[in-house]
Amino acid sequence: MKIAEIRQMSDGELQDSLNKLEEKLFDLRFAQAMGKLETPSAFRLARKDIARIKTIVNERAKIGEANV
């Protein structure tokens, strides 16, 4: 997911995407424990997408605080 795509999302969409990615990361960990993980790079991609979303959420929160 690109940062430009994330910036266009609403707050609700960001939260939904974040929840889905956290579930995906859990599933990846479970698959790894079971020895059925096909793409180890999926961990890295999921973690980076989570970080990108959290960065945008925090930026929006700080902008909201500055406007108050």
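Here, every reference points to the structure presented above.
The structure reproduced in this document is the subject of the present report. Model, not experiment: these values are computed from the prediction.

A few points about the overall build of the protein chain
Looking only at helices and strands, one finds 3 helices and 0 strands in the protein chain. Starting at the N terminus and walking to the C terminus, you meet the elements of the protein chain as α-α-α. Relative to the compact-globule value of 11 Å for 68 residues, the protein chain shows a C-alpha radius of gyration of 14 Å, a clear excess of over 25%. C-alpha atoms of the protein chain, sized along the principal axes, occupy 50 × 20 × 15 Å.

Overview of helix α3 (residues 41–67)
The terminal C-alpha atoms of α3, which comprises 27 residues, lie 40 Å apart, in line with the 39 Å expected from a rise of 1.5 Å per residue. If you check which residues of α3 are buried, you get A42, F43, A46, D49, I50, I53 and I56. Where α3 is buried, its residues meet α1 (3–8) and α2 (11–34).

Some details on the side chain of S17
Within the fold, S17 resides in helix α2. Looking at S17, the relative accessible area reads 14%, which means it is buried. Excluding its chain neighbours within four sequence positions, the residues that come into contact with S17 are M9 and I53.

Parameters at a glance
The numbering scheme is per chain: residues are counted from 1 as the chain's sequence reads. Note on the predicted model: pLDDT of at least 70 is required for a residue's local features to be given, and 80 or more for side-chain atom pairs to be given and counted; whole-chain, interface and lining totals, by contrast, use all residues. Each side-chain value is worked out from all heavy atoms of the structure, with water and hydrogens disregarded. Only DSSP runs of H or I covering at least 4 residues are called helices, and only runs of E covering at least 2 are called strands; the numbering of each starts at the N terminus. The globule rule is 2.2 Å times the number of residues to the power 0.38, and the radius of gyration it is compared with is taken over C-alpha atoms. An expected span of 1.5 Å times one less than the residue number is assigned to each helix. Note on exposure labels: buried denotes an accessible area under 20% of the residue type's maximum, exposed denotes more than 50%, and partly exposed covers the range between, all computed with a 1.4 Å probe on protein chains only. Here, residues are in contact when the closest pair of their heavy atoms is within 4.5 Å.

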